[in-house]
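Survey of secondary and tertiary structure
Chain residues, written in single-letter form:
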Amino acid sequence: MKSQLVVVIYSNQISDFESLKKHLIDLNIHQNNIILCDSKKKSRLEVIEEYKKTWLYFLDSDCYPSFETLDCLTQYLEKTDHHSFVVSGIYQNPRNSYYFQKVQNKISNTWLNISYELKFKYKNLLGGNFLVFNNANEKLVNEETVKLFWGAEDLLLGHTLAEAGFSFAIDKNLIVEHRTSAAFKHFIRRAWLHGKNEIK
């Protein structure tokens, strides 16, 4: 039996949430299966813990999947032997993308791939495009992890899930169009936070 999919849009802007929600509805995802995770009020770990034994597909509000992306998700929803699992997808440049968008998406995808190719203990993930199933007995949210709001917390998110026994995989067919409009200042901030949040 195919499991239910809940799409979690990670955003603090209602207009961005509504825009992506409309896009998802156009892809035949029922509106009741689309929820908002306010990035300034709630961590993604809280949502993962709340929706145990449910496939959650996390998207940032500037990450737009296609019908092909949803077809890719189907293979996971049809699994019957469920364990705690994370599937990280990749970013694609939007049409007519400008130079900085291409650079940021290239760096993000490279950062992701290196963590898998070098067999690191902790796998990275792209927080704007990943699928997760939580069947863990271990509690994920504590005084530290509840603070993992927006701000390049993807690395710590991956570490926390790995410590809880989640398996990790990368699927390069799980693609979203990453329509980031971030400025250089924003990019530097994220890079600094990645270093600050890194577990030594």
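Note: the structure precedes this text.
What comes next is a walk through the structure. (Residues numbered from 1 in each chain as written. Predicted model: local features only at pLDDT ≥ 70, side-chain atom pairs only at ≥ 80, totals over all residues. Heavy atoms only, no water.)

**Notes on the overall build of the chain**
Inclusion rule: Numbering of helices and strands runs from the N terminus, with a helix taken as a DSSP run of H or I at least four residues long and a strand as a DSSP run of E at least two residues long. Two residues form a contact once any of their heavy atoms are found within 4.5 Å. Each accessible area is a Shrake-Rupley result for a 1.4 Å probe, and residues are judged covered by the shown protein chains and nothing else.
A tally of helices and strands in the chain yields 6 helices and 7 strands. Of the regular secondary structure in the chain, the N- to C-terminal order runs β-α-β-α-β-β-α-β-α-β-α-β-α. Partitioning the contacts of the chain with sequence separation of at least 6, the portion at a separation of at least 24 is 81%. Of the roughly 10600 Å² of accessible surface on the chain, 51% is carried by carbon and sulfur atoms.

**Considerations on the sheet that holds strand S5 (residues 85-92)**
Threshold: Paired strands, as defined in this entry, are two strands with at least two bridges between them according to DSSP. Interaxial angle, 0 to 180 degrees, is taken between N-to-C directions of lines fitted to C-alpha atoms, where a helix line uses only the stretch in contact.
Spatial strand order, S2-S1-S3-S6-S5-S7-S4: 7 strands in an open sheet with mixed pairing. Of all the strands in the sheet, just strand S2 (34-38) and strand S4 (63-65) have a single pairing partner and so form its edges. Neighbour-to-neighbour, the strand axes of this sheet turn through a mean angle of 35°, independent of strand direction. Packed on one face of the sheet, helix H3 (residues 67-77) meets strand S1 (5-11), strand S3 (55-60), S4, S5, strand S6 (129-133) and strand S7 (167-178) and runs near 160° to S7. Along the sheet face, helix H4 (residues 99-117) touches S5 and S7 and points at about 145° away from the line of S5.

**What about the packing of aromatic side chains?**
Note the cut-off: Aromatic rings from Phe, Tyr and Trp, taking only the six-membered ring of Trp, are treated as a pair when their centres fall within 6.5 Å; an angle between ring planes under 30 degrees marks them as stacked, one over 60 as edge-to-face, and anything in between as tilted. Relative accessible area decides the class of each residue, using a 1.4 Å probe on protein chains only: under 20% of the type maximum gives buried, over 50% gives exposed, and in between gives partly exposed. For a Lys NZ or an Arg CZ to count as sitting over a ring, it must be within 6 Å of the ring centre and within 35 degrees of the ring normal.
All chains considered together, the criterion is met by 4 aromatic pairs. Judged by centre distance (5.1 Å) and plane angle (45°), the ring pair of Trp-55 and Phe-133 falls under tilted. Taken as a pair, Trp-55 in strand S3 and Phe-133 in strand S6 lie far apart in primary sequence, 78 residues in all. Relative accessible area serves as the criterion here: at 1%, Trp-55 is assigned to the buried category. On the numbers, 4.8 Å between centres and 10° between planes, the contact of Phe-58 with Phe-130 is stacked. With Phe-58 in strand S3 and Phe-130 in strand S6, this residue pair connects regions lying 72 residues apart in the sequence. On the basis of relative accessible area, Phe-130 is assigned to the buried category, the value being 0%. Each member of the aromatic cluster is reached from another via a ring pair, and the members are Trp-55, Tyr-76, Phe-85 and Phe-133. Geometry around Tyr-10 places Arg-44 over its ring, the cationic atom sitting 4.3 Å from the centre. The lysine or arginine in question, Arg-179, covers the ring of Tyr-64, its NZ or CZ lying 3.8 Å from the ring centre.

**Quick word on the pattern of salt bridges**
The criterion, for reference: Within this document, salt bridges are pairs made up of a side-chain nitrogen of Lys or Arg and a carboxyl oxygen of Asp or Glu, the two lying within 4 Å of each other.
Applying the stated criterion to the full structure yields 5 salt bridges. Its salt-bridge partner being Lys-22, residue Asp-26 comes within 3.4 Å of it at the nearest N-O pair. Taken together, the residues span about one helical turn, with Asp-26 and Lys-22 both in helix H1 (residues 14-26) at a distance of 4 residues. A relative accessible area of 55% means that Lys-22 is categorised as exposed. Among the ionic pairs, Glu-49 bridges to Lys-139, the shortest N-O distance being 3.2 Å. Linking Glu-49 in helix H2 (residues 44-50) with Lys-139 in the loop between S6 and helix H5 (154-163), this pair joins segments that are 90 residues apart in sequence.

**A closer look at the pairing of S5**
Among the 8 residues in S5, 7 count as buried, and that is most of the element. Where S5 lies against S6, 4 bridges are found, and the strand directions are antiparallel. Each bridged residue has a counterpart across the sheet, and for Ser-88 the counterpart in S6 is Phe-130.

**Section: unusual backbone geometry**
One non-glycine residue, Asn-28, lies in the positive phi region at around 75°. By secondary structure assignment, the location of Asn-28 is in the loop between H1 and S2. Here Lys-53, not a glycine, exhibits a phi torsion of approximately 60°, which is positive.

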